[in-house]
Amino acid sequence: MGRPIRGKGLLTQEEVKKRNVKILSGWEHIWTQNTAINYANSMKGDGLGPDSNLRNLQLKHKGTPALVVGSGYSLLKTLRKMNGKFPGVTICTNSNLSACLAHGLKPDYCHIFDGKVMPVRIKNVPIAGIPMIGCTSMKPEMIQHWRDNGGPIYAFNMFDPNSTLFNKTVWYLYQYDAIPTSGSVAPNAIRLAAYMGCNPI
(Lines give C-alpha, C1' and ligand atoms only; values in the text may rest on other atoms or scores of the structure.)
Protein backbone atom coordinates (compact mmCIF):
# COMPACT_ATOMS: atom_id res chain seq x y z
CA MET A 1 0.00 0.00 0.00
CA GLY A 2 1.37 3.40 -0.97
CA ARG A 3 1.68 6.43 1.21
CA PRO A 4 -1.19 8.94 1.44
CA ILE A 5 -0.62 11.76 -1.02
CA ARG A 6 -1.20 14.47 1.54
CA GLY A 7 -2.45 14.47 5.08
CA LYS A 8 -4.06 11.69 7.05
CA GLY A 9 -6.97 9.62 5.78
CA LEU A 10 -6.66 10.67 2.12
CA LEU A 11 -6.31 8.29 -0.80
CA THR A 12 -3.03 6.48 -1.25
CA GLN A 13 -1.09 6.87 -4.49
CA GLU A 14 -2.24 3.43 -5.59
CA GLU A 15 -5.88 4.29 -4.87
CA VAL A 16 -5.58 7.54 -6.80
CA LYS A 17 -4.08 5.65 -9.75
CA LYS A 18 -6.98 3.15 -9.74
CA ARG A 19 -9.52 5.97 -9.53
CA ASN A 20 -7.92 7.80 -12.45
CA VAL A 21 -7.94 4.65 -14.57
CA LYS A 22 -11.63 4.19 -13.80
CA ILE A 23 -12.43 7.80 -14.72
CA LEU A 24 -10.40 7.54 -17.91
CA SER A 25 -12.17 4.36 -18.98
CA GLY A 26 -15.50 6.16 -18.63
CA TRP A 27 -14.42 8.92 -20.99
CA GLU A 28 -12.40 7.08 -23.63
CA HIS A 29 -15.38 6.00 -25.74
CA ILE A 30 -16.78 9.55 -25.72
CA TRP A 31 -13.46 11.12 -26.66
CA THR A 32 -12.83 8.57 -29.39
CA GLN A 33 -16.33 8.86 -30.85
CA ASN A 34 -16.28 12.66 -30.94
CA THR A 35 -12.79 12.72 -32.42
CA ALA A 36 -13.77 10.26 -35.16
CA ILE A 37 -16.86 12.30 -36.09
CA ASN A 38 -14.87 15.54 -36.10
CA TYR A 39 -12.25 13.93 -38.33
CA ALA A 40 -14.91 12.70 -40.76
CA ASN A 41 -16.48 16.17 -40.83
CA SER A 42 -13.11 17.78 -41.54
CA MET A 43 -12.62 15.43 -44.48
CA LYS A 44 -15.90 16.76 -45.90
CA GLY A 45 -14.77 20.35 -45.45
CA ASP A 46 -16.82 20.92 -42.30
CA GLY A 47 -15.84 21.15 -38.67
CA LEU A 48 -12.12 21.44 -38.00
CA GLY A 49 -9.78 22.33 -40.85
CA PRO A 50 -6.12 23.32 -41.36
CA ASP A 51 -6.93 26.86 -40.25
CA SER A 52 -8.11 25.43 -36.92
CA ASN A 53 -4.76 24.00 -35.87
CA LEU A 54 -3.63 25.44 -32.56
CA ARG A 55 -0.17 25.70 -34.10
CA ASN A 56 -1.39 28.96 -35.63
CA LEU A 57 -1.33 30.42 -32.10
CA GLN A 58 2.03 29.07 -30.97
CA LEU A 59 3.95 31.86 -29.21
CA LYS A 60 1.49 34.39 -30.64
CA HIS A 61 1.28 36.18 -27.29
CA LYS A 62 4.91 35.82 -26.22
CA GLY A 63 5.69 37.85 -23.13
CA THR A 64 2.07 38.94 -22.63
CA PRO A 65 0.40 38.40 -19.23
CA ALA A 66 -2.45 35.88 -19.25
CA LEU A 67 -5.49 35.52 -17.03
CA VAL A 68 -7.09 32.07 -16.86
CA VAL A 69 -10.63 32.36 -15.53
CA GLY A 70 -11.63 29.16 -13.73
CA SER A 71 -14.42 28.26 -11.38
CA GLY A 72 -14.25 29.05 -7.69
CA TYR A 73 -16.03 30.77 -4.82
CA SER A 74 -14.15 34.02 -5.46
CA LEU A 75 -14.92 34.23 -9.19
CA LEU A 76 -17.74 36.78 -9.10
CA LYS A 77 -16.01 38.90 -6.46
CA THR A 78 -12.84 38.98 -8.55
CA LEU A 79 -14.72 39.85 -11.74
CA ARG A 80 -16.42 42.78 -10.00
CA LYS A 81 -13.07 44.12 -8.85
CA MET A 82 -11.60 43.83 -12.35
CA ASN A 83 -14.31 46.08 -13.79
CA GLY A 84 -14.03 44.40 -17.19
CA LYS A 85 -10.33 45.12 -17.63
CA PHE A 86 -7.21 42.97 -17.76
CA PRO A 87 -3.91 44.14 -19.32
CA GLY A 88 -3.21 40.98 -21.27
CA VAL A 89 -4.76 37.82 -22.70
CA THR A 90 -7.89 36.44 -21.05
CA ILE A 91 -8.79 32.76 -21.37
CA CYS A 92 -12.05 31.59 -19.83
CA THR A 93 -13.84 28.26 -19.81
CA ASN A 94 -17.26 27.84 -21.40
CA SER A 95 -18.83 27.44 -17.96
CA ASN A 96 -17.58 30.90 -16.92
CA LEU A 97 -18.12 32.70 -20.21
CA SER A 98 -21.49 34.18 -19.30
CA ALA A 99 -20.16 35.41 -15.94
CA CYS A 100 -17.23 37.16 -17.63
CA LEU A 101 -19.46 38.85 -20.19
CA ALA A 102 -21.99 39.87 -17.54
CA HIS A 103 -19.18 41.73 -15.73
CA GLY A 104 -17.92 43.44 -18.86
CA LEU A 105 -14.93 41.18 -19.44
CA LYS A 106 -14.87 39.87 -23.01
CA PRO A 107 -12.34 37.05 -23.12
CA ASP A 108 -9.76 36.77 -25.86
CA TYR A 109 -10.40 33.03 -25.98
CA CYS A 110 -13.04 30.63 -24.69
CA HIS A 111 -11.62 27.24 -23.79
CA ILE A 112 -13.84 24.16 -24.28
CA PHE A 113 -12.55 20.88 -22.95
CA ASP A 114 -15.61 18.85 -21.97
CA GLY A 115 -16.50 16.08 -24.41
CA LYS A 116 -20.14 16.15 -23.30
CA VAL A 117 -20.99 19.85 -23.26
CA MET A 118 -23.67 20.77 -25.80
CA PRO A 119 -24.48 24.15 -27.43
CA VAL A 120 -27.65 24.44 -25.35
CA ARG A 121 -25.41 25.34 -22.41
CA ILE A 122 -24.44 28.60 -24.13
CA LYS A 123 -27.31 29.11 -26.56
CA ASN A 124 -28.14 32.57 -25.18
CA VAL A 125 -24.55 33.68 -24.64
CA PRO A 126 -23.32 36.25 -27.20
CA ILE A 127 -20.21 34.59 -28.61
CA ALA A 128 -19.88 36.62 -31.82
CA GLY A 129 -16.24 37.46 -32.47
CA ILE A 130 -14.90 35.40 -29.55
CA PRO A 131 -12.30 32.81 -30.64
CA MET A 132 -12.73 29.32 -29.26
CA ILE A 133 -9.93 26.92 -28.34
CA GLY A 134 -11.16 23.37 -27.96
CA CYS A 135 -9.88 19.83 -27.95
CA THR A 136 -10.43 17.58 -30.94
CA SER A 137 -12.68 15.39 -28.77
CA MET A 138 -15.32 18.05 -28.10
CA LYS A 139 -18.86 17.59 -29.34
CA PRO A 140 -19.26 18.10 -33.11
CA GLU A 141 -22.43 20.07 -32.35
CA MET A 142 -20.39 22.57 -30.34
CA ILE A 143 -18.00 23.09 -33.25
CA GLN A 144 -20.92 23.75 -35.59
CA HIS A 145 -22.56 26.12 -33.10
CA TRP A 146 -19.36 28.13 -32.80
CA ARG A 147 -18.88 28.24 -36.56
CA ASP A 148 -22.42 29.56 -36.96
CA ASN A 149 -22.36 32.08 -34.11
CA GLY A 150 -18.85 32.69 -32.77
CA GLY A 151 -15.38 33.68 -33.81
CA PRO A 152 -12.46 31.59 -35.14
CA ILE A 153 -11.95 28.05 -33.87
CA TYR A 154 -8.59 26.61 -32.85
CA ALA A 155 -8.20 22.96 -31.90
CA PHE A 156 -5.59 20.94 -30.08
CA ASN A 157 -5.08 17.25 -29.49
CA MET A 158 -5.45 16.34 -25.82
CA PHE A 159 -4.02 12.84 -26.24
CA ASP A 160 -0.47 11.82 -25.45
CA PRO A 161 1.01 10.82 -28.85
CA ASN A 162 2.83 7.95 -27.14
CA SER A 163 -0.27 6.43 -25.54
CA THR A 164 -1.92 3.24 -26.74
CA LEU A 165 -5.25 5.06 -27.09
CA PHE A 166 -3.69 7.62 -29.42
CA ASN A 167 -1.78 5.11 -31.53
CA LYS A 168 -4.74 2.78 -32.01
CA THR A 169 -7.79 5.02 -32.26
CA VAL A 170 -7.01 8.69 -32.87
CA TRP A 171 -3.80 8.61 -34.87
CA TYR A 172 -5.50 10.44 -37.74
CA LEU A 173 -5.48 13.74 -35.84
CA TYR A 174 -1.76 13.69 -35.25
CA GLN A 175 -1.41 16.87 -37.32
CA TYR A 176 -2.87 18.91 -34.47
CA ASP A 177 -0.43 20.00 -31.81
CA ALA A 178 -0.97 18.28 -28.47
CA ILE A 179 -1.71 19.91 -25.13
CA PRO A 180 -2.02 16.82 -22.89
CA THR A 181 -4.74 16.85 -20.27
CA SER A 182 -4.03 16.83 -16.56
CA GLY A 183 -7.60 16.00 -15.57
CA SER A 184 -9.49 19.27 -15.69
CA VAL A 185 -10.03 22.34 -17.82
CA ALA A 186 -8.18 24.96 -15.75
CA PRO A 187 -4.73 23.26 -15.73
CA ASN A 188 -5.16 22.58 -19.43
CA ALA A 189 -5.94 26.26 -20.04
CA ILE A 190 -2.76 27.21 -18.18
CA ARG A 191 -0.79 24.95 -20.49
CA LEU A 192 -2.47 26.58 -23.46
CA ALA A 193 -1.43 30.00 -22.22
CA ALA A 194 2.15 28.79 -21.87
CA TYR A 195 2.00 27.32 -25.38
CA MET A 196 0.99 30.73 -26.70
CA GLY A 197 4.00 32.25 -24.96
CA CYS A 198 2.12 34.10 -22.24
CA ASN A 199 4.09 35.22 -19.22
CA PRO A 200 3.23 35.61 -16.41
CA ILE A 201 0.13 33.44 -16.17
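Quick note: structure is the one above.
Our subject in this report is the structure included herewith. This is a predicted model, so every value here is computed, not measured. (Residues numbered from 1 in each chain as written. Predicted model: local features only at pLDDT ≥ 70, side-chain atom pairs only at ≥ 80, totals over all residues. Heavy atoms only, no water.)

Digging into the pairing of strand 3 (residues 109-112)
- Residues Tyr109 and His111 point to one face of strand 3 and Cys110 and Ile112 to the other, with burial holding for every one of them.
- As defined by bridge partners, strand 2 (residues 89-93) adjoins strand 3 across three bridges and the pair is classed as parallel. Bridging across to strand 3, Ile91 finds its partner in Tyr109.
- With helix 3 (residues 97-102) bridging strand 2 and the parallel strand 3, this β-α-β connection has right-handed handedness.
- Direction of pairing for strand 3 relative to strand 4 (residues 132-135): parallel, over a ladder of three bridges. Bridge pairing in strand 4 links His111 to Ile133. (Buried < 20%, exposed > 50% of the residue type's maximum accessible area, 1.4 Å probe, protein only. Helix = DSSP H or I, 4+ residues; strand = E, 2+ residues; numbered from the N terminus. Pairing = 2+ DSSP bridges. Right-handed = clockwise from strand over helix to strand, strands pointing away.)

Structural notes on the nonpolar core
- Counting 45 residues, the largest nonpolar core has Leu54, Ile133, Trp146 and Phe156 as the members making the most contacts within it.
- Not counting chain neighbours up to four residues away, the residues in contact with Trp146 comprise Leu97, Cys110, Ile112, Ile122, Ile127, Ile130, Pro131, Met132, Gly151, Pro152 and Ile153. (Core = buried A, V, L, I, M, F, W, Y, C linked by side-chain atoms within 4.5 Å. Contact = heavy atoms within 4.5 Å.)

Observations concerning helix 2 (residues 75-82)
- The set of residues buried in helix 2 consists of Leu75, Leu79 and Met82. Looking down the long axis of helix 2, one finds its buried residues gathered within 60 degrees of arc, a one-sided arrangement. Those residues of helix 2 that are exposed and aimed more than 90 degrees away from the buried face are Arg80 and Lys81.
- At its buried positions, helix 2 is contacted by strand 1 (66-69) and helix 3.
- Just downstream of helix 2, Asn83 is the residue with a positive phi angle, here 55 degrees. (Arc of directions from axis to C-beta.)

Points about unusual backbone geometry
- Here Asn199 and Pro200 are connected by a cis peptide whose omega angle stands at 0 degrees.
- Counting through the fold element by element, Pro200 comes out in the segment after helix 6 (185-195).
- Even without being glycine, Leu59 reaches a positive phi, approximately 60 degrees.
- The phi dihedral of Asn83 is positive, around 55 degrees, even though this residue is not glycine.
- You can see Asn83 is positioned in the loop between helix 2 and strand 2.

Structural notes on the sheet that holds strand 4
- Spatial ordering of the open sheet is given by 1-2-3-4-5, a layout of five strands whose pairing is parallel. Two strands lie at the open edges of the sheet, namely strand 1 and strand 5 (153-156), each paired on one side alone. If you compare each strand with its neighbour and ignore which way they point, the axes differ by 20 degrees on average. (Axes fitted to C-alpha atoms, helices over the stretch in contact; angles between N-to-C directions.)

Details of the pairing of strand 2
- Counting buried residues along strand 2, five of its five residues qualify, which places the element largely inside the surrounding structure.
- Along strand 2, one buried face is formed by Val89, Ile91 and Thr93 and the opposite face, lined by Thr90 and Cys92, is buried too.
- Two strands pair when backbone bridges link them, and strand 1 and strand 2 are joined in this way by four bridges, in the parallel orientation. From the neighbouring strand, Val68 faces strand 2, where its bridge partner is Ile91.
- In this fold, the crossover linking strand 1 to strand 2 by way of helix 2 has right-handed handedness.

Focus on the side chain of Thr90
- Tracing the backbone shows Thr90 in strand 2.
- For Thr90, the residues in contact, after removing those within four places along its chain, are Leu67, Val69, Leu105, Pro107, Asp108 and Tyr109.

Here we look at the environment of Ala155
- Mapping Ala155 onto the fold places it in strand 5.
- On the basis of relative accessible area, Ala155 is assigned to the buried category, the value being 0%.
- As a C-alpha pair, Ala155 and Leu54 span 101 residues in sequence and 5.2 Å in three-dimensional space.
- If sequence neighbours within four positions are ignored, Ala155 has contacts with Leu48, Ser52, Asn53, Leu54, Gly134, Thr136 and Tyr176.

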